[in-house]
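Working through the structure, step by step
Here's the letter readout for the chains.
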Amino acid sequence: MLPIVAGGGRPWGVGFLSWAAGVSAVEQALDCGPGAVMVSFGDPGPFVERIRASGAAVTVQVTDLEEAQRAVDLGADVVVAQGSEGGGHGARRGRATLPFVPVVVDLAAPVPVPAAGGTADGRGVAAALAPGVAGALIGTRFQATAEALVDPSIAEAIVRGRGEDTERSGVVDIARGARWQTTKYTARSLGRPYLDRWRGRGAELAADAQARRAYQVDVPRGDVPPLPCPTVSPARPHRSRRASTSPAAVR
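Rules and cut-offs
Residues numbered from 1 in each chain as written. Predicted model: local features only at pLDDT ≥ 70, side-chain atom pairs only at ≥ 80, totals over all residues. Heavy atoms only, no water. Salt bridge = Lys/Arg side-chain N within 4 Å of Asp/Glu carboxyl O. Helix = DSSP H or I, 4+ residues; strand = E, 2+ residues; numbered from the N terminus. Pairing = 2+ DSSP bridges. Axes fitted to C-alpha atoms, helices over the stretch in contact; angles between N-to-C directions. Contact = heavy atoms within 4.5 Å. Core = buried A, V, L, I, M, F, W, Y, C linked by side-chain atoms within 4.5 Å. Buried < 20%, exposed > 50% of the residue type's maximum accessible area, 1.4 Å probe, protein only. Arc of directions from axis to C-beta. pLDDT = per-residue confidence, 0-100. Parallel < 35°, antiparallel > 145°, perpendicular 65-115°, else oblique. Left-handed = near helix turned anticlockwise from the far one by under 90°. Nonpolar A, V, L, I, M, F, W, Y, C, P; charged D, E, K, R; others polar. Phe/Tyr/Trp six-rings, centres within 6.5 Å; stacked < 30°, edge-to-face > 60°. Lys NZ or Arg CZ within 6 Å of the ring centre and 35° of its normal.

Right, let's get into the pattern of salt bridges. A complete count under the given rule lists 11 salt bridges for this structure. Asp-43 is the partner of Arg-70 in a salt bridge, and the nearest nitrogen-oxygen pair spans 2.9 Å. In this pair, Arg-70 sits in helix H4 (residues 65-73) while Asp-43 sits in the loop between strand E2 (36-40) and helix H3 (45-54), placing the two residues 27 residues apart along the sequence. In this structure, Arg-160 engages Glu-156 in a salt bridge whose closest nitrogen and oxygen atoms are separated by 3.2 Å. With Arg-160 and Glu-156 both in helix H8 (residues 152-160) and 4 residues apart, this pair spans about one turn of that helix. Residues participating in the shared-partner salt-bridge network are Asp-64, Glu-67 and Lys-184.

Shown next as structure tokens:
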């Protein structure tokens, strides 16, 4: 995939989960010449100098002030401030986007700080562009597009879902054996009976091998989600997946 993107003749970037990425994977991406590399969810320290030496912009996504200070100390070129409204993974005890981003802007100045989390249309972009904010990072909204490489059922669930249908949970990550630090980072996902069954019982689920095997059996049947499924709140009543997307739509 990287050589295909790199051969497109346009600026491009790549992102890594700090806790999951190895240095070799980052170096492989750097060999393809990205213009920017973003690292999120964990210590970016092992990767920053390698990214900088390649000439790519060092972008660090942060979910709290401790992470923001670490990014600044490492000399990040861009610090993305992710608020707790973001779909998918984020801080278990994070701040909402609008109060969090200005604090990071002040801490990181003059480093550019885009806002991430909860933007679903042009009005959200306008709200995110407070004085000093460099832009808006778009994520979940584009996961609902026809071009996104996700299971169609996930895209459909995102379009049909509403913000109030979601919760932050580490249950699905525990069940599928993902190595996410669920004590710090949980996933905002659509509610499911499976989450109801195990809410508040993460340690019990982690210790129950039979329950986790049952999860793997239930996924192909569609009884439980294969991944935490985020959502955005559509600006209009539900339409088809393709009709509900537009270049102006954002996370």
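Moving on: the sheet that holds strand E4 (residues 78-82). Adjacent strands of a sheet pair through backbone hydrogen bonds, lying either parallel or antiparallel. The strand order E1-E2-E3-E4-E6-E7 describes an open sheet built from 6 strands, whose pairing is parallel. A strand with exactly one partner marks an edge of an open sheet, and here the two such strands are strand E1 (13-17) and strand E7 (135-137). Strand-to-strand twist in this sheet, taken as the mean axis angle between neighbours without regard to direction, amounts to 25 degrees. As paired strands, E4 and strand E6 (residues 114-116) are joined by 2 bridges and run parallel to one another. Along E6, the bridge assignment pairs Ala-81 with Ala-115. Across the sheet, H3 lies against E2 and strand E3 (57-62), angled at about 150 degrees from E3, the strand it touches most. Set on the sheet, helix H5 (residues 97-108) makes contact with E3, E4 and E6; between it and E4 the angle comes to about 155 degrees.

Turning to the nonpolar core, a few remarks are in order. Judged by nonpolar contacts, the single largest core of 31 residues is most densely connected at Phe-16, Ile-51, Val-79 and Val-113. Of all the secondary structure elements, the ones that give two or more residues to this core are E1, helix H2 (23-30), E2, H3, E3, H4, E4 and H5. For this core, the element with the highest residue contribution is H5, accounting for 5 residues. Excluding its chain neighbours within four sequence positions, the residues that come into contact with Val-113 are Val-79, Ala-81, Val-101, Val-104, Val-105, Ala-108, Val-133, Ala-134 and Gly-135.

Turning to H2, a few remarks are in order. Buried within H2 we find Val-26, Ala-29 and Leu-30. In an axial view of H2, the angular spread of the buried residues amounts to 100 degrees, which keeps them on one side of the axis. The exposed residues of H2 that point more than 90 degrees off its buried face are Ser-24 and Gln-28.

Residues of the chain with pLDDT of at least 70 account for 88%, and the chain-wide mean is 83. Note that residues 231-251 has pLDDT below 50 and, in this model, 65 contacts with residues that lie over four places away or in other chains.

Our next topic: the packing of H4 against H5. Across the interface, H4 lies against H5 with an axial gap of 10 Å and an inter-helix angle of 30 degrees. Classified by the angle between their axes, H4 and H5 sit roughly parallel to one another. With respect to the hand of their crossing, H4 and H5 are arranged in right-handed fashion. Residues Leu-65, Ala-68, Gln-69 and Val-72 of H4 form the contact with H5, whose own contacting residues are Phe-100, Val-103, Val-104, Leu-107 and Ala-108. Among the residues forming the contact of H4 with H5, the class breakdown is 8 nonpolar, 1 polar and no charged.

This next bit is on the packing of aromatic side chains. For the coordinates displayed, the defined rule picks out 4 aromatic pairs. For the ring pair Phe-41 and Tyr-185, a centre distance of 5.1 Å and an interplane angle of 75 degrees mean the geometry is edge-to-face. Remark: Tyr-185 occurs in strand E9 (residues 185-190) and Phe-41 occurs in the loop between E2 and H3; sequence separation between them is 144 residues. We note that Phe-41, like Tyr-185, is buried. With a centroid separation of 6.2 Å and an interplanar angle of 80 degrees, the aromatic rings of Trp-180 and Tyr-185 are classed as edge-to-face. In this pair, the class of Trp-180 matches that of Tyr-185, namely buried. Clustering of aromatic rings is evident, with ring pairs tying together Trp-19, Phe-41, Trp-180 and Tyr-185. The ring centre of Trp-198 lies 4.2 Å from the NZ or CZ of Arg-201, which sits over that ring.

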